[in-house]
Amino acid sequence: VQPGAAPGVRGGSPAADVLIVGGGVMGCAVALALATRGVKTTVLERSVPGAEASIAAAGILGAQAEAHADGPMARLCLASRERFAALAAELFERTSIDVGYRRSGVVQVAFDAEQLDAAWRAVAWQRDAGLAVERLDAVAARTLEPALSDATIGALHFVDDARVDPPTYLRALRIAAERAGARFQSGSFVRRIVVAGRFARGVVMEDGSEITADWVVLAAGSWSTLVEGTPLPPGSVRPARGQIVELLLPAPLVERVVYGPRAYLSPRDDGRVLVGSTLEFVGFRPGVTAAAVRDLLAGAIELAPALGGADLGRCWSGLRPHTPDELPVIGSTSVARLLLATGHFRNGILLSPITAEVIAALVVGAPLPADMAPFAESRHG
Ligand SMILES: Cc1cc2nc3c(=O)[nH]c(=O)nc-3n(C[C@H](O)[C@H](O)[C@H](O)COP(=O)(O)OP(=O)(O)OC[C@H]3O[C@@H](n4cnc5c(N)ncnc54)[C@H](O)[C@@H]3O)c2cc1C
């Protein structure tokens with residue numbers, strides 16, 4: 001293909017080594033990982049990069065706070081969290097954008113002793129594994145975060161958990177990937193993955209034109225089972241809506257991410273606090289509901305009463321790609337040269353660095369950074 005030539009010439013030479021379907025955090029992170037390894041990559045996004053779940057996220061990198069038990073998922077989340085500092089530095093070097101990566105920690109607040117005991121027991125495996133988790137009494141919790149309610153009886157402190165600013169992270173990933181040679185085609189709806197024999201050979205667009213490639217990566221989030229030709233069975237990835245309310249304060253009220261019984265607080269450096277989130281199975285319907293806003297605000301003010309005086313910012317929702325076992329689907333499929341990077345549910349921002357590394361390793365034939373068998377598409381039978 002000539003430089004600048006339109007891709008998609010049926011029967012012509014491949015338009016790219018790799019076509020990525022979907023420009024969310026997965027598509028953008030995979031594009032960067034491939035482009036920096038010298039792989040010719042095009043991202044096909046029906047809207048604009050980051051339009052859906054990824055930009056809606058709260059940006060919590062809660063590998064420990066989100067890990068309810070030891071296992072492959074917890075280990076994958078930890079491995080990905082470990083990669084964030086270097087990735088944030090790389091993005092800054094490539095784009096001069098600070099993606100808001102802060103190793104702020106997560107504080108999980110308890111309002112009764114039983115709750116705190118149960119939470120402490122649940123993280124016994126983390127202590128055994130040498131991960132940093134502290135049990136704080138009420139005084140220590142409120143010394144760490146003075147805005148916490150005086151109903152706080154204690155907290156767990158996940159010292160190494162972190163946060164990032166999703167919109168900025170998405171922008172930096174896209175710009176860095178573009179500078180490294182990846183192409184992004186917005187307004188490009190992929191209708192079908194073309195499979196010839198046992199191999200993925202490219203995609204068919206909405207207008208019927210075909211784009212050929214050596215590899216196809218399906219990273220279409222909640223819409224992944226709707227792309228024709230996917231080996232994913234219907235229902236194996238479905239949308240799980242989450243709503244967020246943004247509160248505006250002139251200066252940061254809390255420094256750490258705060259988890260409470262009814263809401264979490266994800267602070268930004270500029271004083272904003274993102275209050276999340278709901279978990280709703282309402283199909284592909286976006287939207288913010290009165291009841292969710294009421295409940296989120298109540299949960300937030302219960303955690304930090306001063307939030308009652310904050311200005312109300314924007315409210316939004318996003319569709320998390322949920323899988324029946326709540327594990328992502330990453331890697332090879334029954335169709336050769338078709339790779340999946342989807343189903344990341346609540347932790348897609350956190351898992352983006354390791355997912356990108358795995359997909360890039362599969363394309364260039366490098367060793368995988370983790371055992372990916374638990375996340376294989378074949379586990380669905
Ligand atoms: C309210 C909320 C809070 C969250 N908070 C966190 C958090 O704190 N930390 C965390 O780690 N994760 C969080 N998540 C989860 C995280 O946002 C997701 O796991 C992640 O964004 C999924 O990324 P993705 O790229 O797979 O999907 P998406 O971002 O949805 O991207 C998929 C893209 O594919 C495109 N697409 C779909 N079909 C086609 C097609 N046929 N052709 C072309 N393009 C197509 C879509 O337009 C979309 O841009 C949160 C999610 C929500 C909703």
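Sequence positions are assigned chain by chain, starting from 1 and proceeding in written order. pLDDT decides what is reported in this predicted model: residues at 70 or higher carry local features, side-chain atom pairs at 80 or more are listed and counted, and totals for whole chains, interfaces and linings draw on all residues regardless. Side-chain descriptors were evaluated using all non-hydrogen atoms of the structure, hydrogens and water having been removed beforehand.

A. The arrangement of the environment of valine 48 in detail. Going along the chain from the N terminus, every DSSP run of H or I of four or more residues is numbered as a helix, and every run of E of two or more is numbered as a strand. For valine 48, the position within the fold is in the loop between strand 2 (41-44) and helix 2 (53-56). Relative accessible area decides the class of each residue, using a 1.4 Å probe on protein chains only: under 20% of the type maximum gives buried, over 50% gives exposed, and in between gives partly exposed. For valine 48, a relative accessible area of 46% corresponds to the partly exposed category. Taking C-alpha positions, valine 48 is 9.0 Å from serine 188, a pair spaced 140 residues apart along the chain.

B. Examining the packing of aromatic side chains more closely. Centres within 6.5 Å are what make two rings of Phe, Tyr or Trp a pair, Trp counting through its six-membered ring; a difference in plane orientation under 30 degrees is then read as stacked, over 60 as edge-to-face, and the rest as tilted. The tally for this structure, following the rule as stated, stands at four aromatic pairs. Summarising the aromatic geometry, the rings of phenylalanine 84 and tyrosine 101 are spaced 6.0 Å apart at their centres and angled 10° between planes, so their arrangement reads as stacked. Remark: tyrosine 101 occurs in the loop between helix 3 (72-95) and strand 4 (106-110) and phenylalanine 84 occurs in helix 3; sequence separation between them is 17 residues. The class of phenylalanine 84 is buried, set by a relative accessible area of 1%. Ring-pair connections join several aromatic residues into one group, and the members of that group are Phe84, Tyr101 and Tyr169.

C. Representation of the pairing of strand 4. Across the five residues of strand 4, four count as buried, placing the element largely inside the fold. What makes two strands pair is DSSP finding at least two bridges between them. Inspection of the sheet shows strand 4 paired to strand 6 (residues 154-158) by five bridges, in the antiparallel sense. Bridge pairing links glutamine 108 to leucine 156 in strand 6. Pairing of strand 4 with strand 13 (residues 257-259) involves three bridges; the strand directions are parallel. The residue of strand 13 that forms the bridge with valine 106 is valine 257.

D. Highlighting unusual backbone geometry. Between glycine 276 and the following residue, serine 277, the backbone shows a cis peptide bond with an omega angle of -20°. Structurally, the position occupied by serine 277 is in the loop between strand 15 (273-276) and helix 8 (290-303). Its identity is not glycine, yet arginine 337 carries a phi of approximately 70°, on the positive side. Classification of arginine 337 by relative accessible area gives partly exposed; the value is 35%.

E. Quick look at the sheet that holds strand 6. Taken together, the eight strands give an open sheet; going across it, the order is 5-6-4-13-14-15-12-16, and neighbouring strands pair in mixed fashion. Because the sheet does not close on itself, it has two edges, and the strands there are strand 5 (134-137) and strand 16 (311-322). Averaged over all adjacent pairs, the angle separating strand axes in this sheet is 25°, with direction ignored. Across the sheet, helix 8 lies against strand 4, strand 12 (238-248), strand 13, strand 14 (264-267), strand 15 and strand 16, angled at about 55° from strand 12, the strand it touches most. Axis lines are fitted to C-alpha atoms, over the contacting stretch for helices. Their N-to-C directions set the angle, which ranges from 0 to 180 degrees. Should any heavy atoms of two residues lie within 4.5 Å, those residues are counted as being in contact.

F. Representation of helix 9 (residues 348-364) within the structure. Counted at 1.5 Å a residue, the expected span for helix 9 with its 17 residues is 24 Å, and the 23 Å between its end C-alpha atoms agrees. The sharpest bend along helix 9 comes to roughly 35°, located at isoleucine 354. Across the 17 residues of helix 9, 14 count as buried, placing the element largely inside the fold. Of the residues flanking the end of helix 9, it is glycine 365, one or two places downstream, whose phi is positive at about 80°. Multiplying 1.5 Å by the helix residue count minus one yields the expected span of that helix. To get the bend at any residue, fit one axis to the seven residues that end at it and another to the seven that begin at it, then take the angle between the two axes.

G. Geometry of the side chain of serine 104. Relative to the helices and strands, serine 104 resides in the loop between helix 3 and strand 4. Assessed through its relative accessible area of 7%, serine 104 is described here as buried. In this structure serine 104 touches Asp161, Ala162, Arg163, Glu255, Arg256 and Val257, once residues within four positions along its chain are discounted.

H. Up close: the pattern of salt bridges. Think of a salt bridge as a Lys or Arg side-chain nitrogen and an Asp or Glu carboxyl oxygen that are within 4 Å of each other. Under the definition given, this model contains 21 salt bridges. Taking the shortest distance from any N to any O, the salt bridge between arginine 75 and aspartate 70 comes out at 2.9 Å. Across the salt bridge formed by arginine 94 and glutamate 90, the nearest N and O atoms sit 2.9 Å from each other. Residue arginine 94 and its partner glutamate 90 are located together in helix 3, separated by four residues, close to a single helical turn. Look at the salt bridges and you will find they share partners, linking Asp98, Arg102, Arg163 and Asp269 into a network.

I. Geometry of the nonpolar core. Take the buried Ala, Val, Leu, Ile, Met, Phe, Trp, Tyr and Cys residues and link them wherever side-chain atoms come within 4.5 Å; each set so joined is a nonpolar core. Core analysis: the largest hydrophobic core is formed by 61 residues, its most contacted members being Ile20, Leu91, Val99 and Tyr169. Of all the secondary-structure elements, those providing two or more residues to this core are strand 1 (16-21), helix 1 (25-35), helix 3, helix 7 (166-179), strand 11 (210-218), strand 18 (338-342) and helix 9. Counting residues in each nonpolar core, the second largest holds 24 residues, with Leu249, Val258, Leu265 and Val273 among its members.

J. Region of interest: the site of the ligand. Nearness is defined per residue: one heavy atom within 4 Å of the molecule or strand is enough. Around the ligand, the surrounding shell holds 39 residues, and the nearest of these are Glu45, Ser54, Ile60, Phe345 and Leu350. At a separation of 3.0 Å, an oxygen atom of the ligand approaches a polar backbone atom of isoleucine 349. Using a 1.4 Å probe, the Shrake-Rupley method yields the accessible areas, and only the shown protein chains count as cover for residues. Relative to its free-state accessible area of 1000 Å², the ligand is covered by the protein chains to the extent of 98%. Definitions used for this entry: grid spacing 1 Å over protein atoms alone; cavity, a set of points where a 1.4 Å probe fits but cannot get out; pocket, an open set with protein on both sides within 12 Å along at least 5 of 7 lines; lining residue, one with an atom within 4 Å of a point. Throughout, a molecule is located in a cavity or pocket provided that more than half of its atoms lie within 2 Å of its grid points. Judged by its atoms lying within 2 Å of the grid points, the ligand is housed in the largest pocket. Those elements giving two or more residues to the shell around the ligand turn out to be helix 1, helix 2, strand 12, strand 16 and helix 9. Its residues assigned to classes, the shell around the ligand shows 21 nonpolar, 13 polar and five charged. Nitrogen and oxygen atoms within 3.5 Å of one another constitute a polar contact, given that in protein one can donate a hydrogen and the other can accept it, and given that sequence-neighbouring residues count only through two side-chain atoms. Just so you know the grouping, Ala, Val, Leu, Ile, Met, Phe, Trp, Tyr, Cys and Pro go in nonpolar, Asp, Glu, Lys and Arg go in charged, and all remaining residues, Gly too, go in polar.

K. Representation of the packing of helix 3 against helix 9. Between helix 3 and helix 9, the least distance of the axes is 7 Å, while the angle of their chain directions is 85°. By the criterion of interaxial angle, the relationship of helix 3 to helix 9 is roughly perpendicular. In this structure, helix 3 contributes Met73, Leu76, Cys77, Ala79, Ser80, Arg81, Arg83, Phe84 and Leu87 to the contact, and helix 9 contributes Ile349, Leu350, Leu351, Ser352, Pro353, Ile354 and Glu357. Residues belonging to the contact of helix 3 with helix 9 are distributed by class as follows: 11 nonpolar, two polar and three charged. Oblique is the label for any angle not covered by the other classes, which are roughly parallel (under 35 degrees), roughly antiparallel (over 145) and roughly perpendicular (65 to 115).

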